[in-house]
Amino acid sequence: MPNRRTARLASWQIWLLSLSGTGLWLTGAAWLLLHYYGQTEGDFGPEMNPLEPWMMKLHGLFLIPALLGIGGMFVAHIPKGWHHTAQRFAGIVLSVVLSVLVVTGYLLYYAGGEALREWSSLIHWIIGLALPAAFLWHYVNGQLVRRRKKASATQPASAVADR
């Protein structure tokens with residue numbers, strides 16, 4: 001296994017998280033659009049779009065591999081990446097965002113009170129829509145840190161001493 005000693009994810013983990021995350025984001029965004037702008041006019045007033053329940057079912061389906069991938073990060077990615085202080089804050093933010101999404105998603109499914117469901121829904125979809133930005137920040141920051149580290153490692157010792 002090539003990534004045992006580093007915090008880098010294996011390619012299958014990247015694919016799993018990328019595909020499931022994209023699926024979650026697209027189905028969540030589609031549900032929002034259908035729920036707020038896709039209602040049809042029925043005999044007794046506005047009715048739910050018939051695709052709305054299907055978006056929620058697909059959303060739940062994409063959640064399964066996403067949770068597996070997130071759980072897998074606790075095995076190597078997070079513990080081995082903790083010493084990368086330049087990435088720590090972005091990683092913590094991404095972890096908090098994912099945790100809030102999991103908790104609010106649970107509350108949406110199981111909460112009984114209407115007020116709690118309303119707040120959970122609002123928090124869930126606002127943070128869910130912003131998730132790609134948090135992920136990109138963590139990913140791009142990691143790439144920049146890795147490039148800087150590689151560049152400083154390849155410079156001759158005299159160039160480093162001249163600084």
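Before any of the text, the structure's been laid out above.
It should be emphasised that the depicted structure is a prediction, and the values quoted were computed from it without experimental measurement.

With that out of the way, let us pick up a nonpolar patch on the surface. Taken together, the side chains of Phe135, Leu136, Tyr139, Val140 and Leu144 make up a nonpolar region of the molecular surface, amounting to roughly 460 Å² of accessible area. Structurally, the position occupied by valine 140 is in helix H5 (residues 114–154).

Turning our eyes to something else, we now look at the packing of helix H1 (residues 11–37) against helix H2 (residues 52–73). Running from amino to carboxyl end, H1 crosses H2 at an angle of 150 degrees, the nearest separation of the two axes being 8 Å. The pairing of H1 with H2 is recorded here as roughly antiparallel in orientation. In this structure, H1 crosses over H2, and the sense of that crossing is left-handed. Tallied by class, the residues present in the contact of H1 with H2 amount to 16 nonpolar, nine polar and one charged.

Where H1 contacts H5, the axes come no closer than 10 Å and their chain directions differ by 135 degrees. On the basis of the axis angle, H1 is oblique to H5. Here the hand of the crossing between H1 and H5 comes out left-handed. Side by side, H1 and H5 meet where Trp25, Ala29, Leu32 and Tyr36 of the first sit next to Trp125, Gly128, Leu129 and Pro132 of the second. Counted by class, the contact of H1 with H5 contains seven nonpolar, one polar and no charged residues.

In summary, soluble globular proteins display a tendency toward joint burial of nonpolar side chains. Core analysis: the largest hydrophobic core is formed by five residues, namely Ile70, Met73, Leu94, Leu98 and Ala134. Secondary structure elements with two or more residues in this core: H2 and helix H4 (85–110).

As a further point, take the side chain of serine 20. Mapped onto the fold, serine 20 is located in helix H1. Note on serine 20: relative accessible area 3%, which makes it buried. Other than its neighbours up to four places away in sequence, serine 20 contacts Phe62, Pro65 and Ala66.

Before going further, it helps to examine the packing of aromatic side chains. As enumerated under the stated definition, the model contains four aromatic pairs in all. Pairing tyrosine 106 with tyrosine 110 gives two aromatic rings, centres 4.8 Å apart and planes at 40 degrees, and the pair type is tilted. With a gap of four residues between them, tyrosine 106 and tyrosine 110 both fall in helix H4, about one helical turn apart. Of the residues examined, tyrosine 106 reaches a relative accessible area of 52% and is grouped as exposed. We classify tyrosine 110 as exposed; its relative accessible area is 56%. Centre to centre, the rings of phenylalanine 135 and tyrosine 139 are 6.0 Å apart; their planes meet at 20 degrees, and the pair counts as stacked. Separated by four residues within a single helix, phenylalanine 135 and tyrosine 139 lie in helix H5, roughly one turn from each other. Accessibility expressed as a relative area gives 44% for tyrosine 139, which makes it partly exposed. One aromatic cluster is present, formed by Tyr106, Tyr109 and Tyr110 through successive ring pairs.

Basis of the calculations
Every chain is numbered on its own, with residues counted from 1 as its sequence reads. Given that this is a predicted model, residues contribute local features only at a pLDDT of at least 70 and side-chain atom pairs are listed and counted only at 80 or more, while totals for whole chains, interfaces and linings are drawn from all residues. Neither water nor hydrogens contribute to the side-chain values; these are computed over all heavy atoms in the structure. Patch definition: residues above 30% relative accessible area lacking any salt bridge, with like charges linked at up to 9 Å and the nonpolar side chains Val, Leu, Ile, Met, Phe, Trp and Tyr linked at up to 5 Å. Working definition of accessibility: Shrake-Rupley area with a 1.4 Å probe, residue cover restricted to the visible protein chains. In what follows, salt bridge is the name for a side-chain nitrogen of Lys or Arg lying within 4 Å of a carboxyl oxygen of Asp or Glu. A run of DSSP states H or I qualifies as a helix once it reaches four residues; a run of E qualifies as a strand once it reaches two. Both are numbered from the N-terminal end. To obtain each axis, a line is fitted to C-alpha atoms, and for helices this fit is confined to the stretch in contact; angles are then taken between N-to-C directions over 0 to 180 degrees. The cut-offs work like this: below 35 degrees is roughly parallel, past 145 is roughly antiparallel, 65 to 115 is roughly perpendicular, and the gaps in between are oblique. Crossing handedness follows the turn of the near helix against the far one: under a right angle anticlockwise gives a left-handed crossing, and clockwise gives a right-handed one. Amino acids outside the nonpolar list (Ala, Val, Leu, Ile, Met, Phe, Trp, Tyr, Cys, Pro) and the charged list (Asp, Glu, Lys, Arg) are all regarded as polar, and Gly is one of them. Residue contacts follow a heavy-atom distance rule, with two residues in contact if any of their heavy atoms lie within 4.5 Å. As used here, the term nonpolar core means buried Ala, Val, Leu, Ile, Met, Phe, Trp, Tyr and Cys residues forming a set that is joined through side-chain atoms within 4.5 Å. The buried label goes to any residue with under 20% of its type's maximum accessible area, the exposed label to any with over 50%, and the partly exposed label to all in between, with areas taken from a 1.4 Å probe on protein chains only. Here the aromatic set is Phe, Tyr and Trp, taking the six-membered ring for Trp, and pairing holds for ring centres within 6.5 Å; pairs whose planes are under 30 degrees apart are stacked, those over 60 apart are edge-to-face, and all others are tilted.

Fair warning: the whole summary comes from geometry, so function is off the table for now.
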